[in-house]
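# Residue-level structure breakdown
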Protein chains: 2
Amino acid sequence: MTRASSRRPGPPTRTERGIPEATVARLPVYLRALTALSDSGIATASSEDLATAAGVNSAKLRKDLSYLGSYGTRGVGYDVEYLRYQIAREIGVTQDWAVVIVGIGNLGHALANYSGFGTRGFRIVALLDADPNLIGERIGDMEVRDFAELEDIVKADRVSIGVITTPAGPAQGVCDRLVAAGVTSILNFAPVVLSVPTGVDIRKVDLSIELQILAYHEQRKSGEAALPQVPELPAMNGLTDLPSVGGGVGA
Amino acid sequence: MTRASSRRPGPPTRTERGIPEATVARLPVYLRALTALSDSGIATASSEDLATAAGVNSAKLRKDLSYLGSYGTRGVGYDVEYLRYQIAREIGVTQDWAVVIVGIGNLGHALANYSGFGTRGFRIVALLDADPNLIGERIGDMEVRDFAELEDIVKADRVSIGVITTPAGPAQGVCDRLVAAGVTSILNFAPVVLSVPTGVDIRKVDLSIELQILAYHEQRKSGEAALPQVPELPAMNGLTDLPSVGGGVGA
DNA sequence: TAGATTGTTAATCGATTAACAATC
DNA sequence: TAGATTGTTAATCGATTAACAATC
């Protein structure tokens, strides 16, 4: 990766590089912790309180917050509401981002019903699938629409975020269509590595990878009690790669 | 975190520290890439081929593989099947790990139906919920069972991995029960920070955090086209934290 | 042998952490 | 003022990368 031209040594500075990636990934965690504290009626919290609520140590939390500015008061702590707003603003979730979900299989259904999406910051504007059997189905207060409508919807609703919940097979094709339509951020649940042009951000959620990481550590936990089982039945699980989650887009 | 006593400088060595975390997290990606190559009938692949398939650069891939041993042939590359087996063995997915899913709401349903779980390495042995309306429901070839049976199931099936797909509220309680029952690895989908004793591994999958990370970068992409929308409708999305995914365990 | 590619080294980069001066 | 807590510094740690000697 090429870096910006002249960098002096030392930690990244905000104006040059923005906020470090590791910090960006924790800001939503802090936001949630602050919301929980706020809901508990707590108006002020120290970095120690906040760190506990977020599951990190306080040095890291203070360092992270220092990239945003100086929003605390020495000797006192942080005003919960104020800091919450500042973090929400920094992340960019003080307004709503329009989201489309492509691939309305099991997982797509679950996400469509997921009230957490509707939480401040995101708004599902369309559920899309290419399977005629699914088009028209009602899910909550939405209806599954034809994937062919993608371009119109992205344009009409200024969609910048797409969620892919198709099987692995059609995922790259769907991704290409999303990008061509103008979507510049993608959250991919399909078990496949997608390639996107520069300027498009992509993140991946992969259940079986998470489980395999756990399995690695599990295997290393001493011996006896935690050993995996040899299947008693003739294995009905193939040696093939992860098959489909989600619906029939393009399949 | 305390470290092992006497460490000389230099990269971590395998016998002292096992494989670096960043490498462990990529091994499942390599495994999937190898499976895809194998399915395409490719018998040998260079680090460059493999790296492309896995979405990393070849230097990183070779460095990662070097922690496992020397499984390649200079001038030739890697035998796809052989390397695949070695990685599967290192991760610990040459045998099946028994998994329970707790909380059979939308997401729990989706995971229960998710054929990817059945893929080599994991076997769902129970779907659990505390909601009497859900207990007894059939999902695929399984039936939802009472969460009260947890301890018996963990013991009988030597379950070491638990997946939590309950709402945030009951998640810590469920987690405590899992740990008390002997589960030592947990994959948490509930939007809450869980605390577990030392020796228990926990990983978290959080949809709204992933979206917020995308939103941050989206916000920073120049101006115009990608600006979020101000909702036209009176916002039906509260300012509260992420509400529930999943079923009614303990709620 | 000549060409190709691995496995490893060493430099660089980015993230974490403890400690503490600044300051409420 | 005395106690508390932030914001920042500097040291350490871990991860990435380019380069290349080893070797097929």
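Residues numbered from 1 in each chain as written. Chains lettered and ligands numbered in written order. Predicted model: local features only at pLDDT ≥ 70, side-chain atom pairs only at ≥ 80, totals over all residues. Heavy atoms only, no water.

## Looking at the overall build of chain A
Within chain A, the secondary structure is distributed over ten helices and ten strands. Taken across its 251 residues, chain A has 49% of its residues classed as buried. Long-range pairs, those at least 24 residues apart, make up 60% of the contacts in chain A with a sequence separation of at least 6. For chain A, the accessible area works out to roughly 11,500 Å², and carbon and sulfur atoms hold 53% of it. (Helix = DSSP H or I, 4+ residues; strand = E, 2+ residues; numbered from the N terminus. Buried < 20%, exposed > 50% of the residue type's maximum accessible area, 1.4 Å probe, protein only. Contact = heavy atoms within 4.5 Å. Areas by Shrake-Rupley, 256 points an atom, 1.4 Å probe, with all protein chains shown as cover.)

## Things to note about the pairing of strand β5 (residues 122–129) of chain B
Residue and element names in this part refer to chain B. Across the eight residues of β5, seven count as buried, placing the element largely inside the fold. Across six bridges, strand β4 (residues 97–102) lies against β5 in parallel orientation. Following the sheet pairing, A98 is matched in β5 by R123. Pairing geometry for β5 and strand β7 (residues 142–146), over three bridges, is parallel. Within β7, the position partnered with L127 by the bridge is V144. (Pairing = 2+ DSSP bridges.)

## Observations regarding unusual backbone geometry
With a phi angle near 50°, R158 of chain A is a residue other than glycine that sits in the positive phi range. Summarising the element assignment, R158 of chain A is placed in the loop between α8 (150–157) and β8 (161–164).

## Quick word on helix α5 (residues 80–91) of chain B
All names here are of chain B. With twelve residues, α5 extends 16 Å from end C-alpha to end C-alpha; this agrees with the ideal 16 Å at 1.5 Å per step. Looking only at α5, the buried set comprises V80, L83, R84, Q86, I87, A88, E90 and I91. Of the residues that open α5, the one with a side-chain oxygen 3.2 Å from the backbone nitrogen of E81 is D79. One or two residues past the end of α5 sits G92, with phi positive at roughly 105°. (Expected span 1.5 Å × (residues − 1). Polar contact = N/O pair within 3.5 Å; in protein donor to acceptor, adjacent residues only side chain to side chain.)

## Focus: the sheet that holds strand β10 (residues 201–204) of chain A
Taken in spatial order, the seven strands line up as β6-β7-β5-β4-β8-β9-β10 (chain A) in an open sheet, and their pairing is mixed. Of all the strands in the sheet, the pair left with one neighbour each is β6 (138–139) and β10 of chain A. As paired strands, β8 of chain A and strand β9 (residues 185–188) of chain A are joined by four bridges and run parallel to one another. Paired with I164 of chain A across the bridge in β9 of chain A is N188 of chain A. Sheet strands in contact with helix α9 (residues 168–181) of chain A are β4 (97–102), β8 and β9 of chain A, and its direction is about 170° off that of β8 of chain A. Along the sheet, helix α10 (residues 207–220) of chain B contacts β4, β5 (122–129), β8, β9 and β10 of chain A; its crossing angle with β9 of chain A, the most-contacted strand, is approximately 160°. (Axes fitted to C-alpha atoms, helices over the stretch in contact; angles between N-to-C directions.)

## Overview of the packing of aromatic side chains
Any two aromatic rings considered together are summarised by their centre-to-centre distance and by the angle between their planes. Residues and elements named next belong to chain A. According to the stated counting rule, one finds two aromatic pairs over all chains in the structure shown. Seen in terms of ring centroids, Y71 and Y82 are 5.6 Å apart; in terms of plane orientation they differ by 90°. Their pairing is edge-to-face. With Y71 in the loop between α4 (58–66) and β2 (72–73) and Y82 in helix α5 (residues 80–91), this pair connects stretches of sequence that are eleven residues apart. For Y82, a relative accessible area of 40% translates into the label partly exposed. (Phe/Tyr/Trp six-rings, centres within 6.5 Å; stacked < 30°, edge-to-face > 60°.)

## Description of the sheet that holds strand β2 (residues 72–73) of chain B
Residues and elements named next belong to chain B. Taken in spatial order, the three strands line up as β1-β3-β2 in an open sheet, and their pairing is antiparallel. On the outer flanks of this sheet lie β1 (44–45) and β2, each paired with one strand and no other. Bridge count for β1 against strand β3 (residues 77–79) is two bridges, and the pairing is antiparallel. Following the sheet pairing, A45 is matched in β3 by Y78.

## Notes on the UniProt feature "DNA-binding region" (unreviewed entry) in chain A
Summarizing the sequence annotation, UniProt attributes the feature "DNA-binding region" (unreviewed entry) to residues 29–68 of chain A in the numbering used throughout. Measuring from the first to the last C-alpha atom of residues 29–68 of chain A gives 15 Å, for a span that is 70% helix and 5% strand. (UniProt positions renumbered as here; feature names shortened; annotations may be inferred.)

## So, the nonpolar core
Looking at soluble globular proteins, one finds that nonpolar side chains tend to be buried together. Counting residues in each nonpolar core, the largest one holds 108 residues, and the members touching the most others are L50, I87 and L127 of chain A together with L50, I87 and L127 of chain B. Residues contacting L50 of chain B, with those up to four places away along its chain left out, are A33, L34, L37, A45, L61, Y78 and L83 of chain B. By size, the runner-up hydrophobic cluster in this structure holds 22 residues, among which are A98, L150, A171 and L194 of chain A. (Core = buried A, V, L, I, M, F, W, Y, C linked by side-chain atoms within 4.5 Å.)

## A closer look at the confidence of the model for chain A
Residues and elements named next belong to chain A. On average, residues of chain A score 85 in pLDDT, and 80% of them are at 70 or above. Predicted confidence for residues 1–17 stays below pLDDT 50, and this span has 14 contacts to residues more than four positions away or in other chains. Every residue in residues 231–251 scores below 50 in pLDDT, and together they form 65 contacts with partners more than four places removed in sequence or on other chains. (pLDDT = per-residue confidence, 0-100.)

## Quick look at the environment of L65 of chain A
Residues and elements named next belong to chain A. Structurally, L65 is set in helix α4. Residue L65 is classed as buried on the basis of its relative accessible area of 5%. Note: C-alpha distance between L65 and S47 (18 residues apart in sequence) is 9.5 Å. When neighbours within four sequence positions are excluded, L65 is seen to be in contact with Y30, Y78, L83 and I87.

## Some details on the packing of helix α2 (residues 21–39) of chain A against α5 of chain A
Residue and element names in this part refer to chain A. At a closest axis distance of 9 Å, the pairing of α2 and α5 adopts a crossing angle of 150°. It follows that α2 is roughly antiparallel to α5 by the angle criterion. In this structure, α2 meets α5 at a crossing whose hand is left-handed. Where α2 approaches α5, its residues L27, P28, Y30, L31, L34, T35, L37 and S38 are matched on the opposing element by V80, E81, L83, R84, I87, A88, E90 and I91. Looking at side-chain class alone, the contact of α2 with α5 contains eleven nonpolar, two polar and three charged residues. (Parallel < 35°, antiparallel > 145°, perpendicular 65-115°, else oblique. Left-handed = near helix turned anticlockwise from the far one by under 90°. Nonpolar A, V, L, I, M, F, W, Y, C, P; charged D, E, K, R; others polar.)

## Digging into the pattern of salt bridges
Under the definition given, this model contains 20 salt bridges over all chains. E143 of chain A serves as the salt-bridge partner of R138 of chain A, at 3.0 Å between the closest nitrogen and oxygen. Among the residues examined, R138 of chain A registers a relative accessible area of 51% and is labelled exposed. Residue E81 of chain B is joined to R84 of chain B by a salt bridge in which the shortest nitrogen-to-oxygen separation is 3.2 Å. Taken together, the positions of E81 of chain B and R84 of chain B, both in helix α5 and three residues apart, correspond to about one turn of that helix. For R84 of chain B, a relative accessible area of 9% translates into the label buried. One network of salt bridges, in which partners are shared, links R32 of chain A together with K204 and D206 of chain B. (Salt bridge = Lys/Arg side-chain N within 4 Å of Asp/Glu carboxyl O.)

## Structural notes on the environment of P167 of chain A
Residues and elements named next belong to chain A. Position of P167 among the secondary structure elements: in the loop between β8 and α9. Taking relative accessible area as the criterion, P167 reaches 12% and is therefore assigned buried. Remark: the alpha-carbon pair of P167 and G105, spanning 62 residues in sequence, is separated by 8.9 Å.

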